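A look at the structure
Each chain, letter by letter, is given below.
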Amino acid sequence: MAHTSSLIVSATSFPYGSAAIALYTGRAALSFDDAAVVPRLELGGGSVIAGEDDIIHALARQGGISSDSKQTDRIFSLAHSLGALVSFEDTVAVLNELDDHLAFRTFLIGRDLTPADWMLWGTMKGSAKVLGVLKNRQHPHLLRWFSHLESLPSTQSALSLLLDTKVAKARSGSKTASSFALGLPNAITGQVVTRFPPEPSGYLHIGHAKAAMLNEYFAKMYEGKLIIRFDDTNPTKERTEFEETILEDLRLLDIVGDSVTHTSDYFDQLYELALKMIETGRAYADDTDSSHPMDILCPCNPKQHGKQSQMAHERWHGIPSKCRNSSVQENLDRFAEMKAGSDEGLRWCIRAKISVDDPNKALRDPVIYRTNIATHHRTGNCRDKWKIYPTYDFACPIVDSIEGVTHALRTNEYRDRNPQYSWMLEALHLRPVNIWDYSRLNFIYTLLSKRKLHWFVDRGLVRGWDDPRFPTVRGIRRRGMTVEAIRQFMLSQGPSQAVVSLEWDSIWAMNKKVIDPITPRFWALLKRDLVSVTVNGASPEYSVKAHPKHKKNPTVGSKDVVYASTILVEQQDAVSFDEQEEITLMSWGNAIVRSKSMSPTGQLISVEMDLHLGGDFKKTGKKITWLAAPTKAHPLVDVTLVDFDYLITKKKLEEGDKLDDFVTPVTIPRGRVGGRERPQPGER
């Protein structure tokens with residue numbers, strides 16, 4: 001069927017439902033435009049329909065798809081609420097309801113597809129949180145319905161067009177994206193596998209967000225897979241609840257992996273491979289102290305390093321361990337003691353036998369296994385089978401190779417350890433993995449160390465890990481940061497290798513660009529020292545008129561503006577008025593200031609002005625926000641404005657700095673304002 005209309009959409013905020021029904025009915029072709037924050041259907045004759053709800057209804061009518069209006073409205077409302085839900089539990093509750101509804105139905109309403117099916121499917125497809133829940137396969141009826149709509153040839157065509165557009169934009173749309181596209185060595189479309197390997201010992205912060213988003217970015221660009229792997233090799237710090245919160249943090253970033261794994265899934269294989277390294281003479285047991293820094297006489301400049309443990313001292317100066325040439329059997333016996341968690345075993349560790357004095361100190365016989373008798377949060381139920389745990393340097397390359405990872409993305413602070421990564425794989429004859437470096441993310445006046453963030457939480461200096469002053473994913477999302485702004489900011493950094501401390505202003509400016517086209521506008525005045533203004537020429541009766549919440553985007557909705565002959569303005573604005581000056585009252589018109597009255601203390605208390613609606617607002621220098629004086633019928637709403645400061649007073653803490661000395665005394669200045677209308681949930 002020939003297309004008679006064009007559906008203008010953005011690949012960034014893709015309207016899955018309207019795009020899918022457009023191709024299903026054959027009534028509209030897709031056209032991509034980055035500026036199309038709100039989709040629009042351009043019909044013949046120059047008429048335009050904006051907004052996904054109206055577009056889906058229009059395309060359904062054109063395509064001869066019937067619907068029950070009451071039931072359809074209910075499903076549309078449900079779809080809107082599902083897309084706005086923040087709580088994971090609330091999302092699951094809605095999906096449970098839908099699963100029950102579809103238990104004995106093929107489609108949502110009747111025996112055929114209706115606009116309701118496309119609207120709900122589009123909402124679900126666009127929600128990483130919903131997709132993550134569906135992957136758990138706890139909603140078989142809903143999943144069957146969802147998969148059917150996605151499998152339709154027309155839906156697949158829409159998804160392919162979206163993917164082609166994103167890839168084309170990424171590879172040629174900008175210098176940043178282009179350099180990303182060229183950054184992965186040996187990347188083959190359809191075969192790329194990346195992984196995000198957080199340690200389940202805390203909450204994700206902005207630095208983790210960069211790693212997670214880059215891994216997801218490349219997986220999607222090359223139509224590959226993303227593995228979320230918990231690096232759970234330190235039972236002392238790790239807990240199950242941290243795994244759950246990390247997955248929730250990723251959902252807040254709209255990131256859902258194709259699979260979730262654990263390094264502990266491979267403990268048996270890692271143990272066998274460690275044995276193999278010992279048996280082939282590539283690893284040995286060592287009891288050189290590595291835990292107690294002390295003053296050891298050495299020729300180094302004191303500024304080169306502080307106190308060192310005996311092992312650190314030997315590695316730094318290229319001194320071989322006294323145990324380096326122990327026999328294979330001695331090493332195996334000591335490894336067995338370690339595995340048993342005996343007092344003797346606790347003394348030992350296993351080190352890779354790479355080099356004693358390589359210029360790259362990361363290659364100087366690194367530790368690959370340690371003893372730890374703490375109960376592991378996943379394997380502890382097996383009568384504490386494991387009392388030995390691989391280090392990240394040993395486990396990471398091996399599990400990457402086993403799981404089929406093709407590209408390991410690592411910050412360039414690991415660059416010296418990249419040869420070590422490759423050595424492990426070569427020594428064990430495992431499949432090699434490509435390594436791609438990128439710079440670590442740092443911000444001024446910001447701490448990303450888990451230990452230091454814990455310090456603030458433990459002392460009650462913040463409200464928790466979701467405090468808006470914290471650089472955690474939860475903190476910045478609660479403060480108003482959007483996923484799209486975070487993603488754009490991360491990609492804008494490009495594959496730069498420079499380690500710099502960035503200003504927060506840059507990412508918040510990007511966030512403003514994202515939310516500005518869709519954010520409702522409300523008026524508020526600082527309550528302190530408000531000035532009463534008499535507007536001559538205005539009706540003495542209060543009147544209410546509907547105005548758009550966003551003048552450039554009517555789909556945001558409308559708000560009521562109250563007009564009266566007595567209004568309030570802020571002291572700072574009123575003081576700036578000159579008598580006989582013409583000013584503009586926002587959303588009303590011009591007025592001429594006639595007189596100002598002062599209190600005995602010299603404070604401005606009232607102003608009188610004449611309404612001059614025939615005046616030209618383009619010629620006035622002052623555009624004034626105002627509110628009608630409150631009455632019982634038209635009260636003002638109290639609002640608290642919160643301005644968050646940095647938690648520390650120094651741009652970057654140095655090694656010897658004491659955290660207590662740099663804590664900002666007051667980080668939440670507050671202001672009281674009055675507003676006419678209370679924002680609805682979700683409006684900021």
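Residues numbered from 1 in each chain as written. Predicted model: local features only at pLDDT ≥ 70, side-chain atom pairs only at ≥ 80, totals over all residues. Heavy atoms only, no water.

Quick notes on the pairing of strand β17 (residues 531-536)
Walk down a regular strand and you will see the side chains alternate between the two sheet faces. Let me state the cut-off plainly: To sort residues, take the accessible area from a 1.4 Å probe on protein chains only and compare it with the maximum for the residue type: under 20% means buried, over 50% means exposed, and anything in between is partly exposed. Labels follow the DSSP assignment, with helices taken as runs of H or I lasting at least four residues and strands as runs of E lasting at least two, numbered in each case from the N terminus. Any two strands with at least two DSSP-identified bridges between them are counted as paired.
Burial along β17 is one-sided: Val-531, Val-533 and Val-535 are buried, and none of Ser-532, Thr-534 and Asn-536, which face the opposite way, are. Sheet topology note: the β17/strand β20 (residues 566-569) ladder contains 4 bridges and is antiparallel. Among the inter-strand pairings, Val-531 is bridged to a residue of β20, identified as Val-569.

Structural notes on the pairing of β20
Summarising the sheet, β20 and strand β25 (residues 627-628) pair through 2 bridges and their orientation is antiparallel. By the bridge assignment for β25, Leu-568 is matched with Leu-627.

Describing the side chain of Arg-474
Note the threshold: Under the rule applied, a polar contact is a pair of N or O atoms within 3.5 Å (in protein, one hydrogen donor and one hydrogen acceptor; residues adjacent in sequence only if both atoms are side-chain atoms). Residues count as neighbours in contact if any of their non-hydrogen atoms are within 4.5 Å of one another.
Inspection of the secondary structure puts Arg-474 in helix α18 (residues 473-478). A polar atom in the side chain of Arg-474 sits 2.5 Å from the side chain of Asp-249. Contacts of Arg-474, omitting those with residues within four sequence positions, involve Tyr-203, Thr-245, Glu-248, Asp-249, Leu-252, Trp-465 and Asp-466.

Quick notes on the packing of helix α3 (residues 69-84) against helix α4 (residues 88-101)
So the rule is basically this: Comment: axis = line fitted to C-alpha atoms, over the contacting stretch for helices; angle = value between 0 and 180 degrees taken between N-to-C directions. An angle counts as roughly parallel when it lies under 35 degrees, as roughly antiparallel when it exceeds 145, as roughly perpendicular when it falls between 65 and 115, and as oblique in every other case. Throughout, a crossing is termed right-handed when the near helix is turned clockwise from the far one, and left-handed when it is turned anticlockwise from it by less than a right angle. Asp, Glu, Lys and Arg are counted as charged, while Ala, Val, Leu, Ile, Met, Phe, Trp, Tyr, Cys and Pro are counted as nonpolar; the rest, among them Gly, fall into the polar class.
The interhelical angle for the contact between α3 and α4, taken along N-to-C directions, is 150°, at an axis separation of 10 Å. Taken together, the axis directions place α3 and α4 in an arrangement best described as roughly antiparallel. The crossing of α3 and α4 is left-handed. Each of Arg-74, Leu-78 and Leu-82 in α3 lies in contact with α4, whose residues at this interface are Thr-91, Val-94, Leu-95, Glu-97, Leu-98 and His-101. Grouping the amino acids of the contact of α3 with α4 by side-chain chemistry returns 5 nonpolar, 2 polar and 2 charged.

Comments concerning the sheet that holds strand β4 (residues 48-50)
Strand-to-strand pairing in sheets goes through backbone hydrogen bonds, with the strands running parallel or antiparallel. Pairing within the open sheet is mixed, and its 4 strands lie in the order β2-β1-β3-β4. Edge positions in the open sheet fall to β2 (28-32) and β4, since each of these has one partner strand only. If you compare each strand with its neighbour and ignore which way they point, the axes differ by 25° on average. Relative to β2, strand β1 (residues 5-9) runs parallel, the two sharing 5 bridges. Bridge assignment links Leu-7 to a residue of β2, and that residue is Leu-30.

Looking at the nonpolar core
Put simply, the rule reads: Residues belong to a common nonpolar core when they are buried Ala, Val, Leu, Ile, Met, Phe, Trp, Tyr or Cys residues joined through side-chain atoms within 4.5 Å.
If you look at the biggest cluster of nonpolar residues, it comprises 51 residues, and the most contacted ones within it are Leu-7, Leu-120, Met-124 and Trp-145. Residues contacting Leu-120, with those up to four places away along its chain left out, are Ile-75, Ala-79, Leu-82, Leu-98, Leu-108 and Trp-145.

Regarding the packing of helix α19 (residues 483-492) against helix α20 (residues 504-515)
Contact geometry of α19 with α20 gives a least axis separation of 8 Å together with a crossing angle of 130°. Here α19 lies oblique to α20, going by the angle between them. The element α19 and its partner α20 pack so that their crossing is right-handed. Contacts between α19 and α20 involve Glu-484, Ala-485, Gln-488, Phe-489 and Ser-492 from the former and Ser-506, Ile-507, Met-510, Asn-511 and Val-514 from the latter.

Here's the deal with the sheet that holds strand β10 (residues 367-371)
With antiparallel pairing, 4 strands are arranged side by side in an open sheet as β8-β9-β10-β11. With one partner strand each, in any of the chains shown, β8 (283-286) and β11 (388-390) form the two edges of the open sheet. Pairs of neighbouring strands in the sheet enclose a mean axial angle of 20°, with direction left out of account. Here 3 bridges tie β10 to β11, and the two strands are oriented antiparallel to one another. Looking at the pairing, Tyr-369 lines up with Pro-390 of β11.

Observations regarding the environment of Ile-398
The residue Ile-398 is located in helix α15 (residues 392-403) in this model. A sequence separation of 125 residues divides Ile-398 from Leu-273, and the C-alpha atoms of the two residues are 9.0 Å apart. If near-sequence neighbours (up to four positions away) are discounted, Ile-398 is found in contact with Leu-270, Leu-273, Leu-425, Leu-428 and Leu-430.

What about helix α14 (residues 328-340)?
Worth spelling out the cut-off: Helix span, as expected, comes to 1.5 Å for every residue beyond the first. By definition, the arc is the one covered by directions from the helix axis to the C-beta atoms.
Taking 1.5 Å of rise per residue, the 13 residues of α14 would be expected to cover 18 Å, and the 18 Å separating its terminal C-alpha atoms lies within 8% of that figure. Along α14, the residues classified as buried are Asn-331, Leu-332, Arg-334, Phe-335 and Met-338. One side of α14 carries all its buried residues, which in axial view fall inside an arc of 165°. Packed against the buried residues of α14 are α12 (267-279), β8, β9 (349-352), β10 and β11. Once α14 ends, the next one or two residues include Gly-341, with phi positive near 70°.

Structural notes on the confidence of the model for the chain
Let me state the cut-off plainly: One confidence number per residue, pLDDT, is output by the predictor and ranges from 0 to 100.
This prediction gives the chain a mean pLDDT of 87; 91% of its residues lie at or above 70. Counted against residues more than four places away or in other chains, residues 173-179, with its pLDDT under 50, gives 11 contacts.

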